[in-house]
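Chains, contacts and geometry: an overview
Residue-level listing of the chains:
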Amino acid sequence: MSVTTAMGAALRRIQLGNALSAFGNGFTVPFLFVYVAQVRDLGANTAGMVLATFAVAALAVLPFIGRVIDRRGPLSVAVAGAVAAAVGSMGLGLAASEPLVIAAAGVLGAGIAAIQPALATLIVWCSTPITRSRAFATQFFLGNLGLGVGGLLGGLLVDTSAASSFVRLFAIDAVMFLVLGAAVATVRLERTPVFDDPVPTADERLGGSGGWRALLGHRAMVQLCVLGFVMFFACYGQFESGLSAFAVDVARISPSMLGIALAANTAAIVLAQFVVLKLVERRRRSRVMALVGLVWTVAWCAAGTTGLIPGSQAVGVTAIISAYALFGLGEAMLSPTVAPLVADLAPPSALGQYNSAFALVKQLALAVGPAAGGLMAGAGLYGAYIVTLVVCSLGITALALMLGSRLTAEQDNPLRAVAGAAVPAPRAASSDEVITAA
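Residues numbered from 1 in each chain as written. Predicted model: local features only at pLDDT ≥ 70, side-chain atom pairs only at ≥ 80, totals over all residues. Heavy atoms only, no water.

As named in an unreviewed UniProt entry, the protein is MFS family permease, taken from Streptomyces rapamycinicus. The protein has a UniProt comment under Subcellular location (unreviewed entry) that states "Cell membrane". (UniProt positions renumbered as here; feature names shortened; annotations may be inferred.)

Here the focus is the overall build of the protein. When you go through the protein residue by residue, the secondary structure sums to 18 helices and 2 strands. Considering the protein as a whole, with its 438 residues, one finds that 53% of them fall into the buried category. Restricting to contacts in the protein with at least 6 residues of sequence separation, those with at least 24 account for 86%. (Helix = DSSP H or I, 4+ residues; strand = E, 2+ residues; numbered from the N terminus. Buried < 20%, exposed > 50% of the residue type's maximum accessible area, 1.4 Å probe, protein only. Contact = heavy atoms within 4.5 Å.)

Turning our attention to the confidence of the model for the protein. Confidence in the prediction of the protein, expressed as mean pLDDT, is 84, and 87% of residues score 70 or more. Segment residues 191-210 is flagged for pLDDT under 50; beyond a separation of four residues in sequence, or across chains, it makes 39 contacts in the model. For residues 418-438, every residue scores under 50 in pLDDT, and the model assigns this stretch 56 contacts once sequence neighbours within four places are set aside. (pLDDT = per-residue confidence, 0-100.)

Within the largest apolar cluster, 120 residues are counted, with the highest numbers of intra-cluster contacts made by L92, M221, L224, M289, W296, I320 and F327. Per-element accounting of this core gives the leading share, 15 residues, to helix 5 (residues 98-125). If near-sequence neighbours (up to four positions away) are discounted, M289 is found in contact with L224, L227, M231, L334, T337, V338, L341, I396, A400 and L403. (Core = buried A, V, L, I, M, F, W, Y, C linked by side-chain atoms within 4.5 Å.)

Along the chain, S356 falls in helix 16 (residues 351-378). In this structure S356 comes out as buried when scored by relative accessible area, which is 0%. When residues no more than four places from it in sequence are discounted, the contact partners of S356 are L62, I65, G66 and P117.

At a minimum axis distance of 9 Å, the contact between helix 1 (residues 5-28) and helix 5 shows a crossing angle of 155°. In terms of their interaxial angle, helix 1 and helix 5 are classed as roughly antiparallel. The chirality of how helix 1 crosses helix 5 is left-handed. Each of M7, L11, I14, Q15 and N18 in helix 1 lies in contact with helix 5, whose residues at this interface are L119, L122, I123 and W125. Broken down by class, the residue content of the contact of helix 1 with helix 5 amounts to 7 nonpolar, 2 polar and no charged. (Axes fitted to C-alpha atoms, helices over the stretch in contact; angles between N-to-C directions. Parallel < 35°, antiparallel > 145°, perpendicular 65-115°, else oblique. Left-handed = near helix turned anticlockwise from the far one by under 90°. Nonpolar A, V, L, I, M, F, W, Y, C, P; charged D, E, K, R; others polar.)

A separate point is helix 7 (residues 163-185). Spanning 23 residues, helix 7 covers 33 Å between terminal C-alpha atoms, matching the ideal 33 Å at 1.5 Å per step. Along helix 7, the residues that are buried comprise S165, F166, L169, F170, D173, A174, M176, F177, L180, G181, A183 and V184. Next to the buried residues of helix 7 lie helix 1, helix 2 (32-39), helix 4 (74-94), helix 5 and helix 6 (132-157). (Expected span 1.5 Å × (residues − 1).)

With that settled, consider the environment of I320. Along the chain, the position of I320 falls in helix 14 (residues 313-334). Overall, I320 belongs to the buried group, its relative accessible area being 0%. What I320 contacts, discounting residues up to four positions off in sequence, is F246, A247, A251, I253, A261 and A303.

Written out as structure tokens, the structure is:
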């Protein structure tokens, strides 16, 4: 089915709201630890608890939110998540005690956890198998661009000696979440509710009591989840712990240069996203993911060279910045690949469940990755650390090739799909209003 004018307009509205919410996040995320520990004078332990609360809240919400999305529709879930995130963000800005800060962090974490799979489901509704890769790539590009610009502007506004400057930052973040909620709330979709697959029976619906059992019986999805865990563990899970500690302790680069390395990661995504998209959208998804494993293997080897050439700060800086840039290149390759594949594996009645399950896997990796990296860094096991991440990256390649053997031609290469393939539509009982085309 071709993308209708209404679907295209809805997708643009969703993408704009997502970019603005990422822009708001950029004002607060880089400064959250400093804000709690120093500005509110609650200490590093409380700041660590706040960060842990985000993960715990997400892990508590994600196992159940997929069922809600499939029963109630993604529009209402995304709006509710945006409102909760706005309340949590504003609460963080106003809270001055440990219980209030932790409670606000929990509300914010739960809201964001609800937003992610709901938006992913909406993007699937507003796209076709042919256009889905570009839609998810655009979401990833705009999100990173918004986060980067927000971080730069937040750095100009922040003043660690004045709590009021942070209240301003959190207020901006809260407003951007409300903008996202408003953008999603006004979405109206016009589509023909045609399904390629038979309408599932009550026992087959993942929205029912057997949802997780049915999902765990889907071998291709389980393999993709395992692959996703290793991916997020080996990349995002190391940015804030093991890799940054390695860069400072082994490569001897300054914290300011570490900021430049993070900027290089964002720049690689922003500059390469649509160039990479043209190269990968006609390739088999499993082969693209396998190539990402090789790219990240080179990145970890580049970082590891700093431990083999002691005393050369120039080499260390170059190696670390190159590693972060290569991670960004790999991320740009994954954005049009992984999320669309999750959607194509999901039955129409279980799209929210599949999206939330994959988001749960990502959150688990983001919880385990920093802990494992931090422990190895704290013990000074940097050689073992690099070897572990090289093995994980090579494991991504092996797991991706294994996954490819379980995918159909249409799932592995969306451009082989029939141009008239259906887009999953909500059931008539959904609480979200969808205008049906004649």
